[in-house]
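Here is what each chain is made of, one letter per residue.
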Amino acid sequence: NPRMIRQLTAYPDGRFLALAFVDNTDGNQDHTVFRFLSNGRVDTTFQSGQAYVEYMGRLLLMSDGGALLGASFGSLKWGQDDKRSAWLLRLTPNGLVDEQFPTNWRGGHGGLGTFPNGDIAIGGSMIKRSSPAGRVDPRFQAMASFVESIAWDSQGRMLIAGAFKQVNRSPRQY
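Residues numbered from 1 in each chain as written. Predicted model: local features only at pLDDT ≥ 70, side-chain atom pairs only at ≥ 80, totals over all residues. Heavy atoms only, no water.

Draft legend 1. Examining the environment of T114 more closely. With respect to the helices, strands and loops of the structure, T114 is situated in strand β10 (residues 112-114). Ignoring sequence-local partners within four residues, the contact set of T114 consists of L60, D119 and W152. (Helix = DSSP H or I, 4+ residues; strand = E, 2+ residues; numbered from the N terminus. Contact = heavy atoms within 4.5 Å.)

Draft legend 2. Structural view of the packing of aromatic side chains. Taken as a whole and judged by the stated rule, the model has four aromatic pairs. On the basis of an interplanar angle of 90 degrees and a centroid distance of 5.6 Å, the ring pair of F115 and F140 is categorised as edge-to-face. Note that F115 is positioned in the loop between β10 and β11 (120-122) and F140 in strand β13 (residues 136-143), a separation of 25 residues in sequence. Connected via pairs of aromatic rings, a cluster forms that spans F16, F34 and F36. For R15, the ring lying beneath its charged end belongs to Y11, and the centroid distance is 4.3 Å. Its guanidinium or amino end placed over the ring of F115, R129 lies 3.8 Å from that ring's centre, counting from NZ or CZ. (Phe/Tyr/Trp six-rings, centres within 6.5 Å; stacked < 30°, edge-to-face > 60°. Lys NZ or Arg CZ within 6 Å of the ring centre and 35° of its normal.)

Draft legend 3. Quick peek at the sheet that holds β13. Across the sheet, which stays open at both edges, the four strands sit in the order β10-β11-β12-β13 with antiparallel pairing between neighbours. A single partner strand is all that each edge strand has here, and the edge strands are β10 and β13. Recorded for the sheet is a direction-independent mean angle of 20 degrees between the axes of neighbouring strands. Across three bridges, the pairing between β10 and β11 is antiparallel. Residue pairing for β11: L112 is matched across the bridge by I122. (Pairing = 2+ DSSP bridges. Axes fitted to C-alpha atoms, helices over the stretch in contact; angles between N-to-C directions.)

Structural measurements only, silent on function.
As structure tokens, this is what we get:
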């Protein structure tokens, strides 16, 4: 069970995902993701506890019911034995790690957001654009010191917040 919930994101049907701290077997805390039903009970059909990372920054619900997890330090324990490095993970709607999603993202991850067309905005030391399958758009890249949050206004313009004094070499105070 979760010890402390760090972030919530809601499904349209009333269920919600929670990024939470859990106690591990050596007495320390790990982060993991739980799905809760609309009545507040843990959804036992969701494979919670399958992906533990040392520090996880962001959680983003995807349109298919899966989720993206942005990790700041990139150490992943899959199950109890296997370890591999990842900065950005995609969970399938049932909570398993999507093995088809590329895990070679680098740069730490701050904000995560969804473009109006379904593409993904990934913040951190720069802003990148990716398809939902993880293919990076090489034409889109915005430089900023660290982007912590990403949103869109009613006219479709991207709004960013974080620790930066310029974006693409133009002065911009956070």
